[in-house]
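# Residue-level structural notes
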Amino acid sequence: EAGVVQSPRYKIIEKKQPVAFWCNPISGHNTLYWYRQNLGQGPELLIRYENEEAVDDSQLPKDRFSAERLKGVDSTLKIQPAELGDSAVYLCASSLGWSGGTDTQYFGPGTRLTVL
Amino acid sequence: RKEVEQDPGPFNVPEGATVAFNCTYSNSASQSFFWYRQDCRKEPKLLMSVYSSGNEDGRFTAQLNRASQYISLLIRDSKLSDSATYLCAVTFNTNAGKSTFGDGTTLTVKP
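Anyway, here's the lowdown on the structure attached to this text. (Residues numbered from 1 in each chain as written. Chains lettered and ligands numbered in written order. Predicted model: local features only at pLDDT ≥ 70, side-chain atom pairs only at ≥ 80, totals over all residues. Heavy atoms only, no water.)

## Notes on the overall build of chain B
Note the threshold: Secondary structure elements follow DSSP: runs of H or I no shorter than four residues count as helices, runs of E no shorter than two count as strands, and numbering proceeds from the N terminus. In this setup the radius of gyration rests on C-alpha atoms only. A globule is expected at 2.2 Å times the number of residues raised to 0.38. Between buried and exposed lies partly exposed: a residue is buried under 20% and exposed over 50% of the maximum accessible area for its type, with that area taken using a 1.4 Å probe on protein chains only. Each accessible area is a Shrake-Rupley estimate made with a 1.4 Å probe; only the visible protein chains count as cover when residues are assessed. Counting rule for charge: Lys and Arg are taken as positive, Asp and Glu as negative, and neither His nor the chain ends is counted. Where a charge lies is defined by one atom per residue type: Lys uses NZ, Arg uses CZ, Asp uses CG and Glu uses CD.
Each helix and strand counted, chain B has zero helices and eleven strands in total. Mapped from its N terminus to its C terminus, chain B presents α and β elements in the order β-β-β-β-β-β-β-β-β-β-β. Over its C-alpha atoms chain B spans a radius of gyration of 13 Å, differing by no more than 12% from the 13 Å that the globule rule assigns to 111 residues. Each of the three principal axes of chain B carries a C-alpha extent, and together these read 45 × 30 × 20 Å. Looking at chain B as a whole, 48% of its 111 residues are labelled buried. Accessible surface computed for chain B: about 5200 Å², of which carbon and sulfur atoms make up 47%. Charge separation in chain B, taken as the distance between the mean sites of 12 positive and 11 negative side-chain charges, equals 3 Å.

Written out as structure tokens, the structure is:
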């Protein structure tokens, strides 16, 4: 079974430029997460989708970040314009969905963003 | 104070040693608990879920102490391949499905 797929794996851009990341979750996983991980820190949730609905975007900097999951499958995270502080690894994860019990998340390989 | 806190380490231990990590959480409404392993420049991978009764998987044992609000991970007979960062994750039932991660504990096992 294929895991979570993300692209690109690496991206280097200059500040003020736009950038987009793509994620394809594990087939059948209804819940999709975008995390940001800075060096030496744990992943920080940016947004969580249940199917196509964003159910938790409280940590998403909405002035410059946007995300979509139009058909409830793959998702795109965009930054426009990028700032130096956005340099980080952007991780996508998916899970079967919250059912009141445990909900195991599976992570993709991440996109390593460097903003110059 | 962070919602989930871990001792960052690093923990440097010889092969064969037993090492334990703790992770404390501040929200008593926490419901689900996990340990992830993250290798350098790789994504986190689930190591084990943590159940109230405690659980064991080979050389790894996870425990939950709800009264003191911490989870622990014990690694016995450490191998060189255990060198990694270990992240704990806690899901709060007041925001179902949202996991908060600690910043990880780095383990280096030396020959």
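## Overview of the interface of chain B and chain A
Applied cut-off: Contacts: residue pairs with any heavy atoms within 4.5 Å of one another. A 1.4 Å probe defines the accessible area here, and the buried area is the portion of it lost by two parts on being joined, summed over both. Salt bridge, as used here, is a side-chain nitrogen of Lys or Arg placed within 4 Å of a carboxyl oxygen of Asp or Glu. Polar contact criterion, stated in full: a pair of N or O atoms within 3.5 Å, where within protein one must be able to donate a hydrogen and the other to accept it, and residues adjacent in sequence count only if both atoms are side-chain atoms.
With 20 residues of chain B at the contact, the number on the chain A side is 23 residues. Counting the surface lost from both chain B and chain A, the interface buries some 1800 Å², and carbon and sulfur atoms represent 51% of this. When the area that chain B buries against chain A is broken down by residue, the three leading residues are B:Arg41, B:Glu43 and B:Phe101, summing to 24%. Where chain B packs against chain A, one counts zero salt bridges. Here chain B and chain A share four residue pairs in polar contact (both at pLDDT 80 or more) between them. In terms of residue count, the dominant contributor to the side of chain B that touches chain A is strand β4 (residues 30-38) of chain B (five residues).

## Structural notes on the sheet that holds strand β3 (residues 19-24) of chain A
Residue and element names in this part refer to chain A. Worth spelling out the cut-off: At least two bridges found by DSSP between two strands is the condition for calling them paired. To get an axis, fit a line to the C-alpha atoms, keeping to the stretch in contact for a helix; angles then go from 0 to 180 degrees between the N-to-C directions.
With antiparallel pairing, the four strands of this open sheet are ordered in space as β1-β3-β8-β7. In this open sheet, the two strands that pair with only one neighbour each are β1 (5-7) and β7 (65-68). Neighbour to neighbour, the strand axes of the sheet diverge by 15° on average, direction disregarded. The pairing of β3 with strand β8 (residues 75-79) spans five bridges and is antiparallel. Bridge pairing in β8 links alanine 20 to lysine 78.

## Brief notes about the sheet that holds strand β8 (residues 70-75) of chain B
Residues and elements named next belong to chain B. Reading across the sheet, the five strands line up as β1-β3-β8-β7-β6 and stay open at both edges, with antiparallel pairing between neighbours. Since the sheet does not close on itself, it has two edges, and those belong to β1 (4-6) and β6 (55-57), each with one partner. Taken pair by pair, the neighbouring strands of this sheet meet at an average axis angle of 15°, ignoring direction. Here six bridges tie strand β7 (residues 60-65) to β8, and the two strands are oriented antiparallel to one another. Among the inter-strand pairings, phenylalanine 60 is bridged to a residue of β8, identified as isoleucine 75.

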